[in-house]
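For reference, the chains in residue letters:
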Amino acid sequence: MKGKVVAYFLIDHSVVAVPQNYVDFVPWKLYFDGSSHKNGTGIGGVIISPDVISAEFKYSIDRMCTNNEAEYEALITGLELLLELGERSVKIMGDSELVVKQVSKEYKCVKENLIMYFVIANKLIKRFDSTSIRHITRRENQEANDLAQKVSGNKKDEDEEPVQVRKKVRATVLSPSDFSIINLGAVDVENFEILTVDNGQENDWRKPLVEYLRNPTGSTYTKIKYRALDFVLMGNELFKKTAEGLLLKCLGESGAYLAVLNVHNGA
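A few points on the structure. Position numbers for residues start from 1 in each chain and track the written sequence from start to end. Under the rules for a predicted model, residues below a pLDDT of 70 receive no local features and side-chain atom pairs below 80 are neither given nor counted, while totals for whole chains, interfaces and linings still include all residues. Think of the side-chain values as coming from all heavy atoms in the structure, minus any hydrogens and water.

1. Thoughts on the pairing of strand β10 (residues 237–241)
Two faces make up the sheet, and in a regular strand the side chains alternate between them. Note: two strands are recorded as paired if DSSP finds a minimum of 2 bridges between them. Secondary structure elements follow DSSP: runs of H or I of four or more residues count as helices, runs of E of two or more count as strands, with numbering from the N terminus. In the sheet, strand β9 (residues 231–234) pairs with β10 via four bridges, with the strands oriented antiparallel. Note on β10: the bridge partner recorded for Leu-233 is Leu-238. Between β9 and β10, which pair antiparallel in sequence order, lie two residues; one of them, Gly-235, sits at a positive phi of approximately 65°. Two strands pair when backbone bridges link them, and β10 and strand β11 (residues 247–249) are joined in this way by three bridges, in the antiparallel orientation. Note on β11: the bridge partner recorded for Phe-239 is Lys-249.

Structure (structure tokens):
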């Protein structure tokens, strides 16, 4: 998907892809914004070259996002486009105080649904030779804001141009070096993979067990029925029964990841 995104970007904005006579030490500028609306999620941004040649990007996200997730989606998309264009110096600007200050490490990222985005954004930023990120007002970010809101349906789009759909960020593989560099505190010697950053639950191992326990008369695999004998559903929480009669709360992959971070951080 990323290759297609960049390919379309290069075709639509070839003047930016091959800038002429720009000064190397002048950074590129990236303005980003995201918008979540009942009609969908849209992201938009403006990339400005050292020659002051600007190009817009806008995408519809294939799944619903919170506003903060949409902001991260826009930031990650902009960073990926710049890296694919071969640029290594960027000045990043956005009107989301939360996202900007999380990425700049002024705020700690503790929300389960944002941790993955935080990690991916920082991994991309590490690939640049020079970066800065600054919080700006919505007025200063108006162009990116308008793009995102029109795509999401939050603002009427008079042009009604077709918009390319981009898949929601779903997965990444993390290593110990990722944690040490971004100061999340985990030092496990094994790499591991986080499968979800949203609440879609498609990859959640608990889902078939919860569905069966909610409706035991429904059709399901025999192995699920046998496995469910060791579990109990209390409200919306799944617990595993131990031989000693204890109930252990079952976590999804992202929940377990957050728990590991809390343990290593002494929480």
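2. Remarks on the packing of aromatic side chains
Note on aromatic contacts: the rings of Phe and Tyr and the six-membered ring of Trp form a pair at centre separations within 6.5 Å, being stacked when their planes are under 30 degrees apart, edge-to-face when over 60 apart, and tilted otherwise. Enumeration over the complete set of coordinates arrives at two aromatic pairs. On the basis of an interplanar angle of 20° and a centroid distance of 5.7 Å, the ring pair of Tyr-72 and Tyr-117 is categorised as stacked. Placement of the pair is Tyr-72 in helix α3 (residues 67–84) and Tyr-117 in helix α5 (residues 112–126), with a sequence separation of 45 residues. Each of the two residues, Tyr-72 as well as Tyr-117, counts as buried. When accessible area is computed with a 1.4 Å probe and restricted to protein chains, residues below 20% of their type maximum are described as buried, those above 50% as exposed, and intermediate ones as partly exposed.

3. Some details on unusual backbone geometry
Phi at Val-52 is positive, roughly 65°, even though this residue is not glycine. The class of Val-52 is exposed, set by a relative accessible area of 66%. Phi at Lys-105 takes a positive value of approximately 70°, unusual for a residue other than glycine. Its location among the elements puts Lys-105 in the loop between α4 (97–103) and α5.

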